[in-house]
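Report on the structure
The chain contents come next:
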Amino acid sequence: MRRTLYCGNLREQHAGEKVVLEGWVNRRRDLGGLIFIDLRDREGIVQVIANPDSTCFTEADRVRPEWVVRVVGVVRSRPADQVNPKLSTGAVEVVAESLEVLAEAKTPPFPIDAGWRGEQDQSVNEEVRLKNRVVDLRRKRLHDNLRLRHKVIAAIYRFLDAEGFIGVETPYLTRSTPEGARDFLVPSRLEPGHFYALPQSPQLFKQMLMVAGYDRYFQIARCFRDEDLRADRQPDFTQLDMELSFVTQEDIIALNERLAAYILQEALGVELSLPFPRLTYAEVMNRYGSDKPDLRFGLELQDATEVFKGGEFRAFASAETVKVLVVPALLPRKEIEELEALAKSKGAAGLAWARLENSAFTGGIARFIPPGLREKIAISEGQTVLFVAGPWRKAVESLGAVRLELGKRLKLIEPGYKFLWVVDFPLLEWDEEANRWTYMHHPFTSPNLEDLPLLENNPGQVRAYAYDFVLNGSEIGGGSIRIHRRDLQERMFTLLGIGPQEAQEKFGFLLEALSYGAPPHGGIAWGLDRFVAHLAGEDSIREVIAFPKNKEGKETLTGAPAPVDETQLAAVGLAIRGNA
């Protein structure tokens, strides 16, 4: 006998039919001689009844949660007063005629059944969940998340195929190139002392495809970066990668907006309004203190530099920047101290404050606030004003972190999906440790052609043809128009301190390709794990990845990373040295 239906697909129209079901025992109950089994498969659960006079009663009596069974029975409608509205199968049940145990199971390390019954899952320590990931993956929350991920990827394929894109796979074993993070290295057995690098992105290969004339490329690409872990990072991750020829920045932005709208409609039934907002890097930093602002709430930063300039409050009088955040609440001193600790962790010297009570400023720096502040900035009774002064970037970023924290604490964040584009990034930023200019995105990003005269003489003012795609305060994608002329790429390398010999050694294949006539081209990559996590309402990307690493970068299910045999090391010319 083979399965005829998924458990979760049974409905009233199947009443009277004989069915074969296979799945896991979600829950078993013995009520007055009747055995009730909630049978589960990937589509949901259905109630199975074993009567005392049935030949399968003895077998049904011994089953336990997570046993795998096959049930043959007849579907019948449940009485109106016994319908379970929480379940899609709640109007029917299956009267078992036979039950076969296919596999017994030991007691799982944590409960699995609640989510499938329409109830909230029990909270379980994440480390325990990851170590027992196969069991964890049986929970409905994980099933829903991975099904959503599938829907997103399927929608991407449909949309991009219709738009004329060609899917091309690029190598996993390649050479190390600078892309902002450490590479994972793979030793070569055939060339001892030489190493492959796992790709941080398919960046250079997709540019080669544009030079080769493929015009529109995409890939659901696996990427690898040896960097510290956070809730939205994994050492191996998945991105949607694409590249297009003969396009402008606006072409790429518009296409990706339509793609995002298509995905949300297909996967969630959510309709988005296009176009999404476009804000410059300078705008988002000044207004939100972040290059990936959360637009689901206001609470924007404001500038009070001129108000305090030359005044009696010396800490502010000569500051490069004084940023202000007007909070719609009278914050207690303890909470202000917690916010100050946050601001300091982001580089601020401190967090000044004052409250407006009974039409007068009180507390903190109240006596130093000049009269002109209320003329420039609207402040109402019962509000707290927070200030950060100092270098521009530290001031905006530290107060931006405070803004985001207050959005959570004051419950200002509205539900929904708020997309935006951040454009006009600086091409370069100054690396104080290395005492030189470095790229903000990567060394292949094209400068804004209007700013080319500034490239050598005033590089900090050069804008990039770069754009970040932001959703609910998280960067879910980033891209740029690429440099497609060899002479300009060589100028860029020189500016970054990469001399002709090093450029030839590391990027000779790129320079050679650009010599054969490269079209203007550009592209973007989405962090697919991060994007799906937002759609699923999850705080961590680990909840939308089947087998993720933990916070320490370990894959606890299999125990990776793990030692390898000395003979394996010897085969690639390596040996463990010291106490490693």
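Model, not experiment: these values are computed from the prediction.

Moving on, we get to the sheet that holds strand β6 (residues 166-167). Reading across the sheet, the 8 strands line up as β6-β9-β10-β22-β21-β20-β17-β11 and stay open at both edges, with mixed pairing between neighbours. Strands at the two margins of the open sheet, each flanked by one partner only, are β6 and β11 (278-280). In this structure, strand β21 (residues 474-481) lies alongside strand β22 (residues 521-527), joined through 5 bridges in antiparallel fashion. Along β22, the bridge assignment pairs Gly 478 with Ala 525. Packed onto the sheet, helix α5 (residues 203-211) meets β9 (216-224), β10 (236-245) and β22 and runs at close to 20 degrees relative to β10.

The feature "binding site: L-aspartate" (unreviewed entry), as annotated in UniProt, sits at Glu 179, Arg 225, His 441 and Arg 482 in this numbering. Relative to the helices and strands, Arg 482 is located in the loop between β21 and α13 (486-495). If sequence neighbours within four positions are ignored, Arg 482 has contacts with Gln 203, Lys 206, Gln 207, Glu 243, His 442, Phe 444, Ser 446, His 521, Gly 522, Gly 523 and Ile 524. At 3.3 Å, the side chain of Arg 482 and the side chain of His 442 are in polar contact.

What follows deals with the pattern of salt bridges. Tallied over the entire structure, the rule returns 53 salt bridges. Ionic pairing is found between Glu 338 and Arg 409, a salt bridge with its closest N-O pair at 2.8 Å. Here Glu 338 is found in helix α10 (residues 333-345), whereas its partner Arg 409 is found in helix α12 (residues 392-409), with 71 residues between them in sequence. Using a relative accessible area of 34% as the deciding quantity, one classes Glu 338 as partly exposed. Through salt bridges with shared partners, one network takes in Arg 129, Arg 133, Asp 136, Arg 139, Arg 141, Glu 538 and Glu 543.

Let us look at α5. In terms of residue burial, α5 counts as a mostly covered element, since 7 of its 9 residues are buried. For α5, the complete set of buried residues consists of Gln 203, Leu 204, Lys 206, Gln 207, Leu 209, Met 210 and Val 211. One or two residues past the end of α5 sits Gly 213, with phi positive at roughly 90 degrees.

Our next topic: α13. It helps to recall that an α-helix has 3.6 residues per turn; residues three or four apart then point in one direction. Those residues of α13 that fall on the buried side of the exposure criterion are Leu 488, Gln 489, Met 492, Phe 493 and Leu 495. Down the axis of α13, the buried set is contained in an arc of 160 degrees. They therefore lie on one face. Along its buried surface, α13 packs onto β18 (428-431), β19 (436-439) and α14 (500-514). Taken from the residues just after α13, Gly 497 is the one with a positive phi, measuring 80 degrees.

Packing of α10 against α12 brings their axes to within 8 Å, and their N-to-C directions diverge by 135 degrees. Classified by the angle their axes make, α10 and α12 are oblique. When the axes of α10 and α12 are compared, the crossing they make is right-handed. The residues of α12 that touch α10, namely those facing Glu 335, Glu 338, Leu 339, Leu 342 and Ala 343, are Ser 398, Ala 401, Val 402, Glu 405, Leu 406 and Arg 409. Classifying every residue of the contact of α10 with α12 gives 6 nonpolar, 1 polar and 4 charged.

Within a sheet, each strand pairs with its neighbour through backbone hydrogen bonds, oriented either parallel or antiparallel. Taken together, 5 strands build a closed barrel; the order of strands is β1-β2-β3-β5-β4 and the barrel is mixed. When the angles between neighbouring strand axes are averaged without regard to direction, this sheet yields 55 degrees. Note: strand β1 (residues 18-31) against strand β4 (residues 68-77), 7 bridges, orientation antiparallel. Counted as the bridge partner of Glu 22 is Arg 70 from β4.

What follows concerns a nonpolar patch on the surface. A contiguous nonpolar surface patch, about 250 Å² in accessible area, is contributed by Val 134, Phe 547 and Leu 557. Topologically, Phe 547 is positioned in the loop between α15 (528-536) and α16 (566-571).

Across the 7 residues that make up strand β13 (residues 321-327), a large majority, 7, are buried. Side chains Thr 321, Lys 323, Leu 325 and Val 327 project from β13 onto one buried face, and the interleaved Val 322, Val 324 and Val 326 project onto a second face that is buried too. Strand direction decides the pairing type here: strand β12 (residues 302-303) and β13, joined by 2 bridges, are antiparallel. Bridge pairing in β13 places Gln 302 opposite Val 324. For β13 and strand β16 (residues 383-390), the ladder comprises 7 bridges, and the chain directions are antiparallel. Following the sheet pairing, Val 322 is matched in β16 by Ala 389.

With that settled, consider the pairing of strand β17 (residues 419-423). Along a regular strand, successive side chains alternate from one face of the sheet to the other. Within β17, 5 of the 5 residues are buried, which leaves it mostly tucked inside the rest of the structure. Residues of β17 alternate between two faces, with Phe 419, Trp 421 and Val 423 on one and Leu 420 and Val 422 on the opposite face, all of them buried. By the bridge criterion, 3 bridges tie β11 to β17 in an arrangement that is parallel. For Thr 280, the partnering residue across the bridge sits in β17 and is Val 423.

Parameters at a glance
- Residues numbered from 1 in each chain as written.
- Predicted model: local features only at pLDDT ≥ 70, side-chain atom pairs only at ≥ 80, totals over all residues.
- Heavy atoms only, no water.
- Pairing = 2+ DSSP bridges.
- Helix = DSSP H or I, 4+ residues; strand = E, 2+ residues; numbered from the N terminus.
- Contact = heavy atoms within 4.5 Å.
- Axes fitted to C-alpha atoms, helices over the stretch in contact; angles between N-to-C directions.
- UniProt positions renumbered as here; feature names shortened; annotations may be inferred.
- Polar contact = N/O pair within 3.5 Å; in protein donor to acceptor, adjacent residues only side chain to side chain.
- Salt bridge = Lys/Arg side-chain N within 4 Å of Asp/Glu carboxyl O.
- Buried < 20%, exposed > 50% of the residue type's maximum accessible area, 1.4 Å probe, protein only.
- Arc of directions from axis to C-beta.
- Parallel < 35°, antiparallel > 145°, perpendicular 65-115°, else oblique.
- Left-handed = near helix turned anticlockwise from the far one by under 90°.
- Nonpolar A, V, L, I, M, F, W, Y, C, P; charged D, E, K, R; others polar.
- Patch = residues over 30% accessible without salt bridge, like charges linked within 9 Å, V, L, I, M, F, W, Y side chains within 5 Å.
- Areas by Shrake-Rupley, 256 points an atom, 1.4 Å probe, with all protein chains shown as cover.

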